[in-house]
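What follows is the residue order along each chain.
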Amino acid sequence: MKIKFTPSLLSLLILIFIMVFANFNIGRWNGLKVIDWDVVGFYAYLPATFIYHDYKLKFVKDHPEFAHERKFWPQAAPNGGLVIKPTMGLSFMYLPFFFIAHFHSQIADLEANGFTILYHKYIHLSALFYLIIGLFFLRKLLIRWFSEWATAMSLFSIVLGTNLFYYATTEASMSHAYTFSICAVFLYSIVIWYDLKNVKIALLAGILFGLMILIRPVNIVFGLFPLFYGMRSLSAYKERFQFLINHSKHLSIFFASAFIVLLPQFLYWKSVTGHFLFYSYLDEHFYFLKPKLLQGLFSFRNGWLIYSPIMLFSMVGLYFIKSKHSDLLNPIRILFPFYIYLVFSWWCWWYVGFGNRAMIDSYAILAISLATCYEQLLVSKSFIKYTALVLLVFLIGLNAFQTLQYRNGLLHFDGMNFKAYKASFGTLKYNDTYKNALLSPDYEKAKKGEE
């Protein structure tokens, strides 16, 4: 079978090469920095269950050093039970790599305690594995509607022009590369289901949907995509309702499979806290009446479009998608505003990191509006087209430089503002103006919904 190396396929292969090279040349790969901070909570289910044989974490009381070493970090439930704060979705994703690391540690005569070097290496590697799968399906999704070049440009922009690059290389074990990839496969499975009406695809889509929610519960909003996909007008809701009734068997399989994925979490909460549903984030809340939409999008404190400005092209694409791909108009235009409303209603709307990392989960669906914009630019007048291409290359370069700045402490994880950004712009030299301008937020006030 002869493979035709089209622009989109070549872009995919180049991106895979870049991401493999970047991952194997990141310092965290060779140190004990992968299972750290937030990742400890995502991962804790695995060593607790399979190594210490105590998912209720009673053994933690006999190991005070765990707190100092940032291991497990449970929350105390009202009944006295020790509950892991994040949901267990990422543990499902880590699971095969955890078992390989555990076996490899034993045959390499290393301490198989869940936290030695090989566990860090394999967990980091898992993100690269899932990212490649996600990019493969994202290309398959985009090529259905867009040209080879628009698809290639969209793939390059998403991977190299946004903070996904950082969260798929440096802090790859965080949730974002995983949810981006699952979302890409989920969207593709939904589109294929509408084509084929296949029970197995409905089952797969339900499993993926359950996983997305189990990793980050706010991802339940992606359920709007299958509901509105193909609806060219919101006035067609009666026809869509009848369509779902006609395919109730598939719909039941979809929700049943999603529920089965979520069931272990409900059983865990019941066993540890006494409740099937338990809010493990305790004093951290959403403030739906006070969403920080403008700050989340444009603030120098991790504003999404400040640190991933290439995604402005995707915002432009939302305008053109109506005339080009009406089947996609309603699911994207309804889902995206709903998603940013949820994300920026969270008390910590800046999300502590590089850019606004919570937005990465939506990149698979925004790749569609991004490709719509590029398709329009490619048929524009030469001046507009080439100006846009130059800007595109510049923004990818800017993201690479700012990623390097963040790795070197010249973009702060929560203390940035315009003065600090101005002092650090275009330089890799740490300076007093930048240092003195940094101003971290008051976390206790933020938790209460105050400015």
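Residues numbered from 1 in each chain as written. Predicted model: local features only at pLDDT ≥ 70, side-chain atom pairs only at ≥ 80, totals over all residues. Heavy atoms only, no water.

Caption draft 1: Main features of the overall build of the protein chain. Of regular secondary structure, the protein chain possesses 22 helices and two strands. Against the globule reference of 22 Å for 451 residues, the protein chain gives a C-alpha radius of gyration of 22 Å, in line with a compact fold. Taking the principal axes of its C-alpha atoms as reference, the protein chain extends roughly 70 × 65 × 55 Å. The buried share of the protein chain, reckoned over its 451 residues, is 56%. Residue pairs at least 24 apart in sequence account for 74% of intrachain contacts in the protein chain once pairs closer than 6 positions are excluded. Of the roughly 20500 Å² of accessible surface on the protein chain, a fraction of 67% belongs to carbon and sulfur atoms. (Helix = DSSP H or I, 4+ residues; strand = E, 2+ residues; numbered from the N terminus. Rg over C-alpha atoms; globule rule 2.2 N^0.38 Å. Buried < 20%, exposed > 50% of the residue type's maximum accessible area, 1.4 Å probe, protein only. Contact = heavy atoms within 4.5 Å. Areas by Shrake-Rupley, 256 points an atom, 1.4 Å probe, with all protein chains shown as cover.)

Caption draft 2: Expanded view of the state of the cysteines. This structure, assessed with the given rule, holds zero disulfides. This cysteine, Cys183, is not joined by any disulfide, and Cys373 carries the nearest cysteine sulfur, 20 Å off. For Cys183, a relative accessible area of 0% puts it in the buried group. (Disulfide = S-S within 2.5 Å.)

Caption draft 3: Examining the pattern of salt bridges more closely. Considering all chains together, one arrives at seven salt bridges under this definition. For Asp361, the salt bridge identified is with Arg216, shortest N-O distance 3.0 Å. With Asp361 in the loop between α17 (326–343) and α18 (363–378) and Arg216 in the loop between α10 (199–215) and α11 (224–228), the pair connects residues that are 145 residues apart, well separated along the chain. Comparing Asp361 with Arg216, the two get one shared label, buried. (Salt bridge = Lys/Arg side-chain N within 4 Å of Asp/Glu carboxyl O.)

Caption draft 4: Here's a closer look at the environment of Val379. Mapped onto the elements, Val379 comes out in the loop between α18 and α19 (382–407). According to the relative accessible area criterion, Val379 is exposed, its value standing at 63%. For the pair Val379 and Arg144, spaced 235 residues apart in the sequence, the C-alpha separation amounts to 18 Å.

Caption draft 5: Layout of unusual backbone geometry. Positioned with a positive phi, Asp109 is a non-glycine residue whose angle comes to about 60°. Structurally, the position occupied by Asp109 is in the loop between α5 (89–107) and α6 (117–142). Given a relative accessible area of 70%, Asp109 falls into the exposed group. In the Ramachandran plot, Leu282 falls in the positive-phi region, its phi being about 50° despite a non-glycine side chain.

Caption draft 6: Local environment of a nonpolar patch on the surface. There is a patch of nonpolar side chains on the surface, built from Ile3, Phe5, Leu10, Leu13 and Ile14 and spanning about 450 Å² of accessible area. Residue position: Ile14 is located in helix α1 (residues 7–23). (Patch = residues over 30% accessible without salt bridge, like charges linked within 9 Å, V, L, I, M, F, W, Y side chains within 5 Å.)

Caption draft 7: Here's a closer look at the nonpolar core. Counting 158 residues, the largest nonpolar core has Phe180, Phe186 and Tyr363 as its most contacted members. Sorting elements by how many residues they give to this core places helix α9 (residues 176–196) first, with 15 residues. Residues within four places of Phe186 in sequence aside, it is in contact with Ala205, Leu208, Phe209, Met212, Phe222, Pro226 and Phe254. (Core = buried A, V, L, I, M, F, W, Y, C linked by side-chain atoms within 4.5 Å.)

Caption draft 8: Structural view of the packing of α1 against helix α7 (residues 148–160). As a packed pair, α1 and α7 sit with axes 7 Å apart at the nearest point and diverge in direction by 15°. One finds that α1 runs roughly parallel with respect to α7. In the packing of α1 onto α7, the handedness of the crossing is right-handed. Packed against α1, whose contacting residues are Pro7, Ser8, Leu9, Ser11, Ile14, Leu15, Ile18 and Met19, the element α7 presents Glu148, Trp149, Thr151, Ala152, Leu155, Phe156, Val159 and Leu160 at the interface. For the contact of α1 with α7, the per-class residue count stands at 12 nonpolar, three polar and one charged. (Axes fitted to C-alpha atoms, helices over the stretch in contact; angles between N-to-C directions. Parallel < 35°, antiparallel > 145°, perpendicular 65-115°, else oblique. Left-handed = near helix turned anticlockwise from the far one by under 90°. Nonpolar A, V, L, I, M, F, W, Y, C, P; charged D, E, K, R; others polar.)

Caption draft 9: Seen up close, the packing of aromatic side chains. Enumeration according to the criterion identifies 61 aromatic pairs in this entry. Note on Trp346 and Trp347: the rings are 6.5 Å apart at their centroids and 55° apart in plane angle, and the pair reads as tilted. Both residues of the pair, Trp346 and Trp347, belong to the buried class. With centroids separated by 5.5 Å and ring planes inclined at 75°, the aromatic side chains of Trp350 and Tyr443 adopt a geometry described as edge-to-face. Of this pair, Trp350 sits in the loop between α17 and α18 while Tyr443 sits in helix α22 (residues 443–447), and the two are 93 residues apart along the sequence. A relative accessible area of 26% places Tyr443 in the partly exposed class. Looking at Lys270, its charged tip hangs above the ring of Phe276, at a distance of 5.2 Å from the centre. (Phe/Tyr/Trp six-rings, centres within 6.5 Å; stacked < 30°, edge-to-face > 60°. Lys NZ or Arg CZ within 6 Å of the ring centre and 35° of its normal.)

Caption draft 10: Quick peek at the packing of α17 against α18. Following both chains from N to C, one finds α17 and α18 inclined at 130°, their axes separated by 11 Å at the closest point. Between α17 and α18, the crossing angle belongs to the class labelled oblique. Crossing handedness for the pair α17 and α18: left-handed. Along the contact surface, α17 presents Leu328, Ile332, Leu335 and Phe336, while α18 presents Ile365, Leu366 and Ile368. Of the residues in the contact of α17 with α18, the class split is seven nonpolar, no polar and no charged.

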